[in-house]
Amino acid sequence: MNLGVRWTLHGDGRTPAPGAVVRPDERLSWPRTVGLGAQHVVAMFGASFVAPVLMGLDPNLAIMMSGVATAIFLLATRGTVPSYLGCSLSFVGVAAAIRASGGTSATVTGAVLVVGAVLFLAGLAVRKFGARIIHAAMPPIVTGAVVMLIGFNLAPVTASTYWPQDQWTALLVMLFTGLAVVCLRGFWSRIAIFLGLIFGYAISWIFDLVFGKIHSMSPSGQVTDHWRLDLSGVSKADWIGLPSFHGPSFEWSAILVALPVVIALIAENAGHVKAVGEMTGDNLDDKLGTAIAADGAASMLSTAVGGPPNTTYSENIGVMAATRVYSTAAYWAAAGFALLFGLCPKFGAIVAAIPGGVLGGITVILYGMIGLLGAQIWINAKVDLRNPLNLVPAAAGIIIGVGGVKLTFTDTFELGGIALGTIVVITGYHVLRAFAPAHLKEQEPLLDSGTSSYESSSAGDPLSKS
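Worth saying up front: this structure is predicted, and the values here are computed from it rather than measured. (Residues numbered from 1 in each chain as written. Predicted model: local features only at pLDDT ≥ 70, side-chain atom pairs only at ≥ 80, totals over all residues. Heavy atoms only, no water.)

Caption draft 1: Up close: the side chain of Ser66. Following the sequence through the fold, Ser66 ends up in helix α2 (residues 59–76). We classify Ser66 as buried; its relative accessible area is 0%. At a separation of 2.8 Å, a polar atom in the side chain of Ser66 contacts the side chain of Tyr84. In this structure Ser66 touches Met44, Ser48, Tyr84, Leu85, Gly86, Asn310 and Ala338, once residues within four positions along its chain are discounted. (Helix = DSSP H or I, 4+ residues; strand = E, 2+ residues; numbered from the N terminus. Buried < 20%, exposed > 50% of the residue type's maximum accessible area, 1.4 Å probe, protein only. Polar contact = N/O pair within 3.5 Å; in protein donor to acceptor, adjacent residues only side chain to side chain. Contact = heavy atoms within 4.5 Å.)

Here you go:
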């Protein structure tokens, strides 16, 4: 059985010839391959350890399970789709909403485990029936609106939780990160979030030395005098040890809040497979269902032990584009590094010590970027918002999702925010389409964003990934 774990040496194993690429089934020399693996780990660090912190989960476990998830993905796709699976930022808003209603970490991971199961089943459905079913159920107007409301739903978290802890540090980190994203080039621009975190650590340390303690909201929500950067937990942490595990807990209210993220994850995987296929020159259409199912299976395993869900990372696509090395051997090396980091509690303590003001500056940009990716989906698919069939369900769903509008059914069950907004967008679009006059429902392209070669009469535009 071909598991995609055998590679042929590319050229002399040193540097690819000008214009040449290192294909997924090739590799450079092992020292260079290991170095590229380390580069992939650095590229995913910025988002992959911020996300679990924002979700209230163990960053050590998140990094460890990202390595496990990457290995599962590479084995499932037989080494044909080079990809790193890191903690998905799409679930940050879900976690915040669940915790705001009294949910625990077990409630969060239980809800997300169900999402992983649904994603796995969606992948199997795509394998059986083809990628067209995705676009038929979730056309770009629906997908873009859901991604947008997921991102913008996070705005109150930044405004009320992180920014007030240290507004001036937050402002400086926001400015630095914005400059890094825009002004840096190549690999450095891909790790702008990571650089912003390092800058924030340094500024917080300097401010503590110069100005002393700050009188503001602490991470616990109380207004007290406290240090911006508290590294007391780092000195107490061991160098080697297992992360903290916990089992999931299932509550219908939390599950309903989390389920809409399935749409964003399908869009992410579709965009990733499309991008990798275009870079390598391979037709990966038949791998889309497998990629989605593998992502779902990996997320189920991670959340079953208390970790966060995972998704394909665009940061690592950028590394491949910059280096022109698509070898899956580098991703196996990256997975190995992630496992080692996960076994270092001291590393997790450093991550957990990220000052709230630093997170405030980072999340202003990060959450906004997630939301605006929904608009990018509309642009890529040339969605006509002058058409009321598109405009009405998207407008209603986004306002409900961002504003936190709620429908209360009983004393113990209500729908609101992301869940209600997504239901309004999806059902609203399809119900309105069923009753709309013919001139409003011109034929939508039936090609999913992750595909690249069906008959030209039904070709569509790619979705952007988050």
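Caption draft 2: Structural detail: the packing of aromatic side chains. Under the definition given, this model contains 3 aromatic pairs. Taking the centre distance of 5.9 Å and the plane angle of 85° together, the rings of Trp7 and Trp30 count as edge-to-face. In this pair, Trp7 sits in the segment before β1 (8–9) while Trp30 sits in helix α1 (residues 30–55), placing the two residues 23 residues apart along the sequence. Residue Trp7 is classed as buried on the basis of its relative accessible area of 19%. The ring of Phe129 is capped by Lys128, whose NZ or CZ atom sits 5.7 Å from the centre of that ring. Over the aromatic face of Trp239 sits the side chain of Lys346, whose NZ or CZ is 5.1 Å from the ring centroid. (Phe/Tyr/Trp six-rings, centres within 6.5 Å; stacked < 30°, edge-to-face > 60°. Lys NZ or Arg CZ within 6 Å of the ring centre and 35° of its normal.)

Caption draft 3: Summary view of helix α7 (residues 155–162). Those residues of α7 not exposed but buried are Val157, Thr158 and Tyr162. In an axial view of α7, the angular spread of the buried residues amounts to 95°, which keeps them on one side of the axis. (Arc of directions from axis to C-beta.)

Caption draft 4: Region of interest: the packing of α2 against helix α17 (residues 345–352). α17 packs onto α2 with a crossing angle of 120° between their chain directions and a minimal axis gap of 8 Å. Across the interface between the two elements, Pro59, Asn60 and Ile63 of α2 pack against Pro345, Phe347, Gly348, Ala349 and Val351 of α17. By residue class, the composition of the contact of α2 with α17 is 6 nonpolar, 2 polar and no charged. (Axes fitted to C-alpha atoms, helices over the stretch in contact; angles between N-to-C directions. Nonpolar A, V, L, I, M, F, W, Y, C, P; charged D, E, K, R; others polar.)

Caption draft 5: Seen up close, the nonpolar core. Of all hydrophobic cores here, the largest spans 96 residues; its most connected members are Phe49, Met55, Ile266, Leu288, Ile354 and Tyr367. Counting only domains with at least three residues in this core, you end up with domain 1 (22–383) and domain 2 (384–437). Setting aside its immediate chain neighbours within four residues, Met55 contacts Cys87, Ser88, Phe91, Val92, Ala95, Arg99, Val108, Pro308 and Pro309. (Core = buried A, V, L, I, M, F, W, Y, C linked by side-chain atoms within 4.5 Å. Domains from an automatic or database assignment.)

Caption draft 6: Layout of the pattern of salt bridges. In this structure the tally under the stated criterion is 3 salt bridges. Here Asp166 ties to Arg228 by a salt bridge, and the two come within 3.2 Å at their closest N and O atoms. Separated by 62 residues along the polypeptide, Asp166 in the loop between α7 and α8 (167–183) and Arg228 in the loop between β5 (223–226) and α11 (232–236) bring together distant segments of the chain. Between Asp384 and Arg386 there is a salt bridge whose closest N-O contact spans 3.0 Å. Overall, the relative accessible area of 32% leaves Asp384 in the partly exposed class. A network of salt bridges, in which partner residues are shared, links Asp166, Asp208 and Arg228. (Salt bridge = Lys/Arg side-chain N within 4 Å of Asp/Glu carboxyl O.)

Caption draft 7: Just the packing of helix α19 (residues 388–403) against helix α20 (residues 417–435), in detail. In contact at an axis separation of 7 Å, α19 and α20 are set at 165° when each is read in the N-to-C sense. Between α19 and α20, the angle falls in the class roughly antiparallel. Here the hand of the crossing between α19 and α20 comes out right-handed. Counting all contacts with α19, which are made through Leu389, Asn390, Val392, Pro393, Ala394, Ala396, Gly397, Ile400 and Gly401, the residues of α20 involved are Gly417, Ile418, Leu420, Gly421, Val424, Val425, Gly428, Tyr429, Leu432 and Arg433. (Parallel < 35°, antiparallel > 145°, perpendicular 65-115°, else oblique. Left-handed = near helix turned anticlockwise from the far one by under 90°.)

Caption draft 8: Quick look at helix α10 (residues 192–211). Spanning 20 residues, α10 covers 27 Å between terminal C-alpha atoms, matching the ideal 28 Å at 1.5 Å per step. Buried within α10 we find Ala192, Ile193, Phe194, Leu195, Gly196, Leu197, Gly200, Tyr201, Ile203, Ser204, Phe207 and Asp208. Just beyond α10, the residue with positive phi is Gly212, at close to 75°. (Expected span 1.5 Å × (residues − 1).)

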